[in-house]
Amino acid sequence: MEETLIPYAGIVTKITEQTPDVKTFRVEAPNGGKLFEHEPGQCAMLSVPGISEAMISITSSPTNKDFMEFSIKKCGCLTDWLHAMDEGQMITVRGPYGRPFPVDDALAGKNLVFVAGGIGLAPLRSVINYVRDNRDKYGRVDIIYGSRSKEDLVGYDEIVSEWMNTPDFHVHLTIDREQEGWDGHVGFVPNYIAELNLSAVNTCALVCGPPIMIKFSLPNLTNAGFDKTQIFTTMELRMKCGIGKCGRCNIGNKYVCKDGPVFRFDELDELPDEY
Amino acid sequence: MKKLTNLNAFFAAIAAKQALYLPVDNSVGKAEYKKWQDGTVYSSALNTARSAKDFFFPQTENLMEFKMEGKKIDVIDTREECEDFVIFGVRACDAASFDILDRVYLVDPVDSYYKNRREHGTVVTLACNRPAETCFCGAFGIDAGNPLGDVTAWKVEDGYVLRANTEKGEALLACVADLLTDTDDAAVKKEQEKLRAIMAKLPLANLTTDGVGEGLTKELFDRPEWAALSESCIGCGTCTFVCPTCQCYDIRDFDTGHGIQRFRCWDSCMYSDFTKMAHGNPRVSQLERFRQRFMHKLVYFPDNNDGIFGCVGCGRCLASCPISMNIVKVMKTLAKGGNQ
């Protein structure tokens with residue numbers, strides 16, 4: 001009988017250093033190809049047996065048929081181990097888990113505004129590349145992405161060479177403080193939203209980043225005319241099972257692992273403020 | 001309905017075919033489930049100190065193994081078909097807790113470890129005749145005089161009356177048919193009437209679920225009383241340990257020296273690191289953890305399960321909490337109306 005708690009073993013075939021504390025790990029099945037299919041915004045439980053297991057968003061788009069990718073910040077015992085290992089190492093993966101971004105429903109045919117801070121770009125990158133590969137299904141795309149410094153922008157090369165060259169993609173990068181060799185925008189993401197004069201007409205916004213960024217981005221999106229039903233975010237809480245049974249990732253009566261991680265902001269208003 | 005007069009012969013006949021577990025007094029005078037063998041004395045205690053959830057959701061269990069060689073990992077599925085077993089003497093509260101656990105572990109995606117044991121276990125319940133002062137199963141609509149399970153048993157003046165409720169129960173009674181005789185429900189009704197008279201006089205007889213239940217998150221979450229209710233909680237987790245419906249778990253790995261054993265064990269929302277992550281903790285103080293436990297049982301679980309509460313009124317937490325705080329005090333406090 002099937003058992004989702006039992007993972008697949010996959011091979012980490014490529015490790016890319018993205019920033020001083022973020023690496024992207026490419027994972028393939030032992031015989032090549034992907035371990036399983038997923039939808040944009042879904043997550044997987046990654047583990048190194050004997051170390052730990054943790055829920056990580058799948059940063060690659062499902063339109064990528066060859067492998068899955070995970071962008072992971074070094075910030076705990078499992079992620080320390082992953083950052084120290086070499087290519088060719090196996091890890092275990094299980095999933096996919098959770099409710100994806102509604103790319104074929106609420107987001108279809110819309111203009112899209114992506115708002116990301118730091119490693120918060122990882123789950124949105126899955127959607128952004130899905131949109132690039134289904135370009136005719138969506139309208140104008142604005143990507144507002146901010147980080148502490150230029151070195152902390154995750155996937156900078158891809159952003160410049162791929163996203164900036166996609167028709168009707170408008171990429172707005174910002175860093176927190178002035179820096180030598182940076183002639184782009186300087187300032188925090190929420191303020192940049194206000195400066196950009198975004199249109200909310202026929203548009204949805206997808207927001208992910210540190211809680212403080214999300215908190216201050218929301219009113220500026222609202223001021224730009226976005227209703228809460230037009231704004232989506234993806235949440236993170238501690239998880240052990242990924243299927244709503246281990247009992248630790250709930251916010252009120254919702255489990256982030258299965259009812260989320262993607263929530264619309266009006267849905268979050270219905271839940272207690274405990275995240 | 002069937003009449004049984006020789007309980008020991010009944011135990012022996014079942015134990016000859018499959019493992020039989022029943023409450024037995026331990027050296028400190030508390031009842032606990034033990035495997036029956038010749039000479040085992042069935043406890044006369046009202047209920048076991050620990051709940052019966054261990055049979056289906058054990059305190060720890062191995063889930064799988066990993067062999068690690070160089071950069072290679074082998075995932076080893078160590079699951080085995082469970083052997084048939086019988087639990088005798090489960091009270092109505094604990095029997096009702098199995099339905100609550102089923103609503104967590106048997107919904108898609110099904111927990112195969114739990115399902116395996118559930119399918120192979122036959123539950124023989126025993127109606128109560130001397131409920132304790134800490135009992136309040138009635139508040140949740142549970143009838144201590146008519147428990148669920150595969151077979152229901154009633155202790156009557158001159159033996160036991162048995163009723164099979166499921167196919168598994170019919171099969172069990174068929175195995176011991178030569179020990180049983182046909183009977184009517186007169187003796188059972190007499191016992192049920194006596195029980196009802198006692199239940200009506202219990203201290204918690206009038207406890208109701210007024211003021212708690214599905215759809216009340218907004219009304220209850222920010223109630224100021226949570227501060228005073230949780231003030232003395234030491235976060236020991238005893239309430240979750242003895243609770244028949246607490247089902248939260250942790251998954252961890254253990255290096256055996258020959259590979260990695262991944263195991264699951266009970267966990268408790270009362271512990272400070274339950275929700276702690278690399279970037280912070282959404283439940284920073286005991287107030288949030290305490291509130292979570294009771295909101296889950298009294299609001300969130302009913303929200304997601306047709307109004308059914310995540311408590312069966314067994315009273316174990318009332319007897320075991322070191323600071324004498326419990327779900328009854330929480331229910332009574334919340335029912336008082338608060339600040340709205």
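Quick caveat: nothing in here was measured; it's all calculated off a predicted structure. As a convention, each chain's residues are numbered from 1 in the sequence order in which they are written. All chains are assigned letters beginning at A, and all ligands numbers beginning at 1, according to the order in which they are written. In keeping with the model being predicted, local features are shown solely for residues with a pLDDT of at least 70 and side-chain atom pairs are shown and tallied solely at 80 or more, while totals for entire chains, interfaces and linings include all residues.

Undergrad: How do you make sense of the overall build of chain B when you look at a structure like this?
TA: Within chain B, the regular secondary structure consists of 11 helices and 12 strands. In summary, chain B has a C-alpha radius of gyration of 22 Å against a globular reference of 20 Å for 340 residues, a match within 12%. Each principal axis of the C-alpha distribution contributes one length, and for chain B these read about 65 × 60 × 40 Å. Each residue is represented by a C-beta atom placed from its backbone, and any two residues with such atoms within 7 Å are regarded as in contact. If you take every contact in chain B between residues at least 6 apart in sequence, the share linking residues at least 24 apart comes to 70%. Numbering goes from the N terminus for both helices and strands, where a helix is a DSSP run of H or I of at least four residues and a strand is a run of E of at least two. In this description the radius of gyration comes from C-alpha coordinates, and the expected globular size is given by 2.2 Å times residues to the power 0.38.

Undergrad: I'm lost on the environment of Cys239(B) in this one. Help?
TA: All names here are of chain B. Mapped onto the fold, Cys-239 is located in helix α8 (residues 238-242). Taking the C-alpha atoms as reference points, Cys-239 and Arg-316, separated by 77 residues in sequence, lie 7.7 Å from one another. When residues no more than four places from it in sequence are discounted, the contact partners of Cys-239 are Cys-317 and Cys-321.

Undergrad: Would you explain the sheet that holds strand β11 (residues 203-208) of chain A in this entry?
TA: Pairing between sheet strands relies on hydrogen bonds along the backbone, with the strands arranged either parallel or antiparallel. All names here are of chain A. Taken together, the 7 strands give an open sheet; going across it, the order is β10-β9-β8-β7-β11-β12-β15, and neighbouring strands pair in mixed fashion. A single partner strand is all that each edge strand has here, and the edge strands are β10 (185-186) and β15 (262-264). By this definition, two strands are paired if DSSP reports at least two bridges between them. Note: strand β12 (residues 231-234) against β15, 3 bridges, orientation antiparallel. Each residue of the ladder has a partner; that of Thr-234, found in β15, is Val-262. Contacts between helix α2 (residues 121-133) and the sheet are confined to β7 (111-117), β8 (141-147), β11 and β12, with β7 contributing the most and set at about 155 degrees to the helix. Here an angle of 0 to 180 degrees is reported between the N-to-C directions of two axes, which are lines fitted to C-alpha atoms, with helices fitted over the stretch in contact. Contacts from helix α5 (residues 211-223) reach β7, β11 and β12 within the one sheet, and its direction differs from that of β11 by about 165 degrees.

Undergrad: Got a minute to help me understand the pairing of strand β7 (residues 121-126) of chain B in this structure?
TA: In summary, the side chains of a regular strand alternate between the two faces of the sheet. Residues and elements named next belong to chain B. For β7, a buried count of 6 out of 6 residues is recorded, marking the element as mostly surrounded by other parts of the structure. Three exposure classes are used. Buried residues have 20 or more other C-beta atoms within 10 Å of their own C-beta, exposed residues have 12 or fewer, and partly exposed residues fall in between, all C-beta atoms being placed from the backbone. Residues Gly-121, Val-123 and Thr-125 line one face of β7 and the alternating positions Thr-122, Val-124 and Leu-126 line the opposite face, and both faces are buried. Here 5 bridges tie strand β6 (residues 85-90) to β7, and the two strands are oriented parallel to one another. In the sheet register, Ile-87 faces β7, and the bridge partner there is Val-123. Two strands pair when backbone bridges link them, and β7 and strand β8 (residues 151-156) are joined in this way by 3 bridges, in the parallel orientation. Bridge assignment links Thr-125 to a residue of β8, and that residue is Thr-152.

Undergrad: Sorry if this is basic, but what is going on with unusual backbone geometry here?
TA: Phi is mostly negative for residues that are not glycine, and the peptide bonds are mostly trans. Residues Gly95(A) and Pro96(A) are joined by a peptide bond in cis, for which omega reads 0 degrees. The omega angle of the peptide bond from Asp108(B) to Pro109(B) is -5 degrees, so this bond is cis rather than trans. Of note in this structure, Asn197(A) is not a glycine but carries a positive phi near 50 degrees. Within the secondary structure layout, Asn197(A) lies in the loop between α4 (189-195) and β11.

Undergrad: Hey, could you run me through the pairing of β11(A) in this one?
TA: Residue and element names in this part refer to chain A. Of all 6 residues in β11, 6 are buried, a share of seventy percent or more. Here β11 shows no split at all, with Thr-203, Ala-205 and Val-207 on one side and Cys-204, Leu-206 and Cys-208 on the other all buried. Alignment of β7 against β11, held across 6 bridges, turns out to be parallel. Bridge pairing links Val-113 to Ala-205 in β11. In this structure, β11 lies alongside β12, joined through 3 bridges in parallel fashion. Residue pairing in the sheet places Ala-205 in a bridge with Ile-231 of β12. Viewed with both strands pointing away, a crossover whose connecting path from the first strand over the helix to the second turns clockwise is right-handed. Each parallel crossover has a hand, and for β11 linked through α5 to β12 it is right-handed.

Undergrad: Is there a simple way to think about the domain arrangement of chain A in this case?
TA: Often, the extent of an interface is quoted as the loss of accessible area on bringing the components together. Residues and elements named next belong to chain A. Just so you know, the domain bounds were taken from an automatic or database domain assignment. What the domain assignment reports for chain A is domain 1 (8-97) and domain 2 (111-234). On a C-alpha basis, the centres of domain 1 and domain 2 stand 24 Å from each other. Counting residues at the interface gives 15 residues for domain 1 and 14 residues for domain 2. Those elements that place two or more of their residues in the side of domain 1 that touches domain 2 are β1 (8-19) and β5 (68-73).

Undergrad: What is the right way to look at the domain arrangement of chain B in this model?
TA: Residue and element names in this part refer to chain B. Entries for chain B in the domain assignment read domain 1 (2-201) and domain 2 (217-335). Taken over C-alpha atoms, the centre of domain 1 sits 25 Å from the centre of domain 2. Counting residues at the interface gives 33 residues for domain 1 and 26 residues for domain 2. Looking at the side of domain 1 that touches domain 2, the elements with two or more residues in it are β4 (60-69) and α2 (92-105). With 9 residues, the top contributor of residues to the side of domain 1 that touches domain 2 is β4. Within the side of domain 1 that touches domain 2, the residues separate by chemical class into 18 nonpolar, 8 polar and 7 charged. Residues are grouped as follows: Ala, Val, Leu, Ile, Met, Phe, Trp, Tyr, Cys and Pro are nonpolar; Asp, Glu, Lys and Arg are charged; all remaining types, including Gly, are polar.

Undergrad: How do you make sense of the interface of chain A and chain B when you look at a structure like this?
TA: Listed by partner, the interface residues are 30 residues for chain A and 38 residues for chain B. A class-by-class count of the residues in the side of chain A that touches chain B yields 13 nonpolar, 10 polar and 7 charged.

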